[in-house]
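A look at the structure
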Amino acid sequence: MKLNKNKRIGEVIFIVEGEKHEFNLIKRIFTDVLGYTQIQKRRGKADYYIKNKDKYSKVAVINTKTSNIASINEKEYLDNIFAELIEIHKFNVNNAAIYYLFDRDPESNVNAELILGLIHTLKNSRENENNINGGMLILSYPSIESYEVSNFVDQSYKLCFRLGVEMKEYINSNAKTISMNKINEESIIHAVLEMKRLLENNNFLNNIPDLLEDFSIVNENVFKFEEKCLYENNSFYLLSMLSCVLLDLGILY
């Protein structure tokens, strides 16, 4: 697995639940490491934050109306943000790759049936079936902090946690090893390999092209596997599908 820092990605939109952590993580990956321009619009904030770098690779990060995953269906709210991106920042929303980044923390996103429905609907970053706009649902088990751990911990996919707060405690207790500010090219590759091992070990994946050809199949299989783990063991196996974004954009190959 390799990382192409020279890959130009056009315009990309992340729609996220958290008001701080996801913004900082995406900035670390896409601006600090990869050198892309980033535009941020946080929930309840009137202003946009802009970090100008590569004008041919722009990443917009915006909040849903609330932190609940059901806010993905708040179409009017998101359309208003998209209109601002087009008008104010000349962002080519219609041709952008779109990713919805959410946690499967069972105390913050409790509706498993809703999540499964979104998995079936949001399976392509640029265009979905039945005239549904582009968008790929990217889940983390139990939370986005799983991605940070997978950057630095060997066999992280064997670790188990139930809640995002437990992930934060684990990171804090291993702060010398795990740090968002230490994420780099090498650690990004480490993270995708950790994800790949969990998928392969559970027969969800034969090769990376299969993952991207119909993302919803792998996404659903992982979701059902993790739900079974939650039911039987009251915890998830640590996993973030965030690396799928880098694969989908051709940054990892």
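What counts and how
Residues numbered from 1 in each chain as written. Predicted model: local features only at pLDDT ≥ 70, side-chain atom pairs only at ≥ 80, totals over all residues. Heavy atoms only, no water. Buried < 20%, exposed > 50% of the residue type's maximum accessible area, 1.4 Å probe, protein only. Helix = DSSP H or I, 4+ residues; strand = E, 2+ residues; numbered from the N terminus. Pairing = 2+ DSSP bridges. Disulfide = S-S within 2.5 Å.

The next point concerns the pairing of strand 7 (residues 133–141). Most of strand 7 sits inside the fold, with eight of its nine residues counted as buried. Two elements, strand 5 (residues 97–103) and strand 7, share five bridges in a ladder whose sense is parallel. Counted as the bridge partner of Tyr100 is Leu137 from strand 7. Direction of pairing for strand 6 (residues 123–127) relative to strand 7: antiparallel, over a ladder of three bridges. Of the residues in strand 7, the one forming a bridge with Glu127 is Asn133.

On to the state of the cysteines, then. Per the stated rule, a full pass over the model turns up zero disulfides. No disulfide involves Cys160; its sulfur sits 6.8 Å from the nearest other cysteine sulfur, which is in Cys229. We classify Cys160 as partly exposed; its relative accessible area is 37%.

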